[in-house]
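Examination of the molecular architecture
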Number of protein chains: 2
Amino acid sequence: MKKVNAYGAKASDADLEAMNIDRRDILPNDVKIEIDYCGVCHSDIHQVRNDWGNSKYPVVPGHEIIGHVVEVGDEVKNFKKGDLVGVGCMVDSCQECDACKEDLEQYCENGMVATYNGQDKHLGGHTFGGYSEMVVVREKFVLKVPENLDTAAVAPLLCAGITTWSPLRQWNVKKGDKVGVVGLGGLGHMGIKFAHALGAHTVMITTSPSKAEDAKRLGADEVLISKDEDQMKKHQGSFDFILNTVPVGHDTNPYIALLKRDATMTLVGAIDEVDVHGGGLVMGRKRLAGSLIGGIKETQEMLDFCGEHDIVSDIEMIDMQNINEAYERVVNSDVKYRFVIDMKSIKN
Amino acid sequence: MKKVNAYGAKASDADLEAMNIDRRDILPNDVKIEIDYCGVCHSDIHQVRNDWGNSKYPVVPGHEIIGHVVEVGDEVKNFKKGDLVGVGCMVDSCQECDACKEDLEQYCENGMVATYNGQDKHLGGHTFGGYSEMVVVREKFVLKVPENLDTAAVAPLLCAGITTWSPLRQWNVKKGDKVGVVGLGGLGHMGIKFAHALGAHTVMITTSPSKAEDAKRLGADEVLISKDEDQMKKHQGSFDFILNTVPVGHDTNPYIALLKRDATMTLVGAIDEVDVHGGGLVMGRKRLAGSLIGGIKETQEMLDFCGEHDIVSDIEMIDMQNINEAYERVVNSDVKYRFVIDMKSIKN
């Protein structure tokens, strides 16, 4: 049997056998985790469907993983059998470049190892993610999960959570700031919860008046309907920061117009072409930035913050057997706000 | 006769009479300046030709003004008759908003008064610029010009100079940084001189191999030909800051790819649509910013720095009578690197 790579997950024994792969032994600094829950991220769907043209089959998706430690390598110091842990979008990085030294492994100059469909550094081949019974992860990339939270609802924090938390922290969002969150989905709903918990005057910016009520329930102090030109004009030049979670290319200019002088809008979703007028940036010395998930240290800080402030994701639990239906509903934005797979169901 | 506004310049007595306007008396905090030289900025041409659709005729362009004080109002403290002074793109602002209080009058929340084609705050009507014998300017907007420099070649510092200086300072360009300057024209040639003088490893980024030699003469340590994909790839992810002086909409993605993680490219020329891929910003947490000229305090700092480091613009002097030919040559990028009008010629 072919050995699976260092981060190999096991879908089921039968699946493994069908794929002609065998789970490898753990390395001295590896942690082996039995998976309890795994969130469903839109990028899982892109990878399964090869939308980005870089998928490697067989694909085992899932990078919002919650589980319990079942075994640790000889050199593992911070985890022991039974610990409640999480794994996000990365399972390894070089640990030697400037980015890694600055605890920004997501920008590892030698390429971070994605939790699934990533390049294995030790054994070759590609990594397998969290839609699985088990995962083996380098200790450094394992997160401690606060015990006081609804464990299943913590799963999406590992991707949707940290992706929105990181730019809010990087741009120093604080009490009294006026912060906009564009788009109310898996990312946006976490952006609102975090901006609100950080003390900002939080404004949901959405095209859909129907989302107003739910946005307020999640913590928005105000809802700004971006199709309403009068409202947009009224808010012009008034935002200290805008978190833009729109997942596709779009016209950023109406949002840039909302920023104060010297303020920033950070894109966390749109990775294709966006419309930008230079004049909108020049006239107010404004900034359009990007941000990719977050580092491991920062992810732990976010989880700790969530423990203290009792923050989790709004989820809908599904069984593994319903994943295809769930994918369709994600594509149609028909979930409030994240599906989480109950991994016990994988054994059904 | 109709009185001209507070910042009124006098083209000539005959011109004024033809325009049915009379120069107003100076206000208590005004400085009256006899103009020696005036630089020719591309925006002069845009306004004269009403390219932006907001020109007010008669237009007297010119916002790179060098002259001597001939009269001061009763409350003027910092200038006296005979002082060598400069006036840039602004002649007034509210002085009360946050931007003005932070010495960033160019972003005045109540609208700064442009040196020409601006809205007069006191008398109504519009302002007249430096292609003229005289100009009357609020004291706060008058700059002291170092006596040791080639006076005519100082003129372009008041717009091209401060426009490139301000973002280099805002983004803290310093010794050892690798800084790119995109585009070698009136703005770009000042960007190179400043980045070099600030101690940065300065790279001219241009589409034209023919500009390499001149770029090095101006202070570039390296020249990167942006059409050469191999060269561009070699420099990928290596710049601490990029100053983008391209004056029209263009594809910014190849330049964003040159930035290090967390680094910024600032647009100072392009005020129309630019091409931006969100992914280029997201993957390295990069920033696309804008910057508009600079504040008066910062402009004075730049002039003082130029006095200390013996920096001026590279100019070609013309008489007022040659302005139309000069405009054609500016449009065709056929000037190294700025025309300056010898204002004595206005009396010919």
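For clarity, every value in this text was computed on a predicted model and none was experimentally measured.

Observations concerning the relation of the copies chain B and chain A
Rotating chain B by 180° about the axis while translating it 0.0 Å along that axis superimposes it on chain A, leaving an RMSD of 0.0 Å. Such a turn and shift between the copies fits a two-fold axis. Judged by C-alpha distance, Leu288(B) is the residue of chain B that lies nearest the rotation axis, at 2.6 Å. Interface residue correspondence from chain B to chain A reaches 100%, placing this contact among same-surface, isologous pairings.

Some thoughts on unusual backbone geometry
For the peptide bond that leads from Lys336(A) to Tyr337(A), omega is -10°, which places it in the cis range. Looking at the element boundaries, Tyr337(A) is found in the loop between helix H12 (323-331) and strand E18 (338-342). With an omega of 0°, the peptide bond between Tyr57(B) and Pro58(B) qualifies as cis. Among the secondary structure elements, Pro58(B) is positioned in the loop between helix H2 (42-48) and strand E5 (65-72).

A short note on the packing of aromatic side chains
On inspection of all chains with the given rule, the structure shows 4 aromatic pairs over all chains. Ring centres 5.2 Å apart and planes at 70° place the aromatic pair Trp165(A) and Phe194(A) in the edge-to-face group. Within this pair, whereas Trp165(A) is found in helix H5 (residues 160-170), its partner Phe194(A) is found in helix H6 (residues 186-197), the two being separated by 29 residues in sequence. When its relative accessible area of 3% is taken as the criterion, Trp165(A) is described as buried. Chaining the aromatic ring pairs together yields one cluster made of Trp165(A), Phe194(A) and Phe305(A). Positioned above the aromatic ring of Phe79(A) is the side chain of Lys144(A), whose terminal nitrogen or guanidinium carbon lies 4.4 Å from the ring centre. Its end group placed over the ring of Phe239(B), Lys178(B) keeps NZ or CZ at 4.6 Å from the ring centre.

Focus: the domain arrangement of chain A
The parts lose accessible area when they come together, and the size of an interface is often stated as this lost area. Residues and elements named next belong to chain A. For chain A, the assigned domains are domain 1 (2-158 + 314-347) and domain 2 (160-290). Distance from the C-alpha centre of domain 1 to the C-alpha centre of domain 2: 29 Å. Of the residues lining the interface, 9 residues belong to domain 1; the matching set on domain 2 comes to 14 residues. Regarding the contact of domain 1 and domain 2, the summed buried area is about 890 Å², with carbon and sulfur atoms giving 50% of it. Applying the counting criterion to the domain 1 and domain 2 interface returns 2 salt bridges. The residue arginine 217 makes a salt bridge to aspartate 314 at a minimum N-O spacing of 3.0 Å.

Cut-offs used in this document
Residues numbered from 1 in each chain as written. Chains lettered and ligands numbered in written order. Predicted model: local features only at pLDDT ≥ 70, side-chain atom pairs only at ≥ 80, totals over all residues. Heavy atoms only, no water. Least-squares fit on C-alpha atoms with pLDDT ≥ 70 in both. Contact = heavy atoms within 4.5 Å. Helix = DSSP H or I, 4+ residues; strand = E, 2+ residues; numbered from the N terminus. Phe/Tyr/Trp six-rings, centres within 6.5 Å; stacked < 30°, edge-to-face > 60°. Buried < 20%, exposed > 50% of the residue type's maximum accessible area, 1.4 Å probe, protein only. Lys NZ or Arg CZ within 6 Å of the ring centre and 35° of its normal. Domains from an automatic or database assignment. Buried area = accessible area lost by both parts, 1.4 Å probe. Salt bridge = Lys/Arg side-chain N within 4 Å of Asp/Glu carboxyl O.

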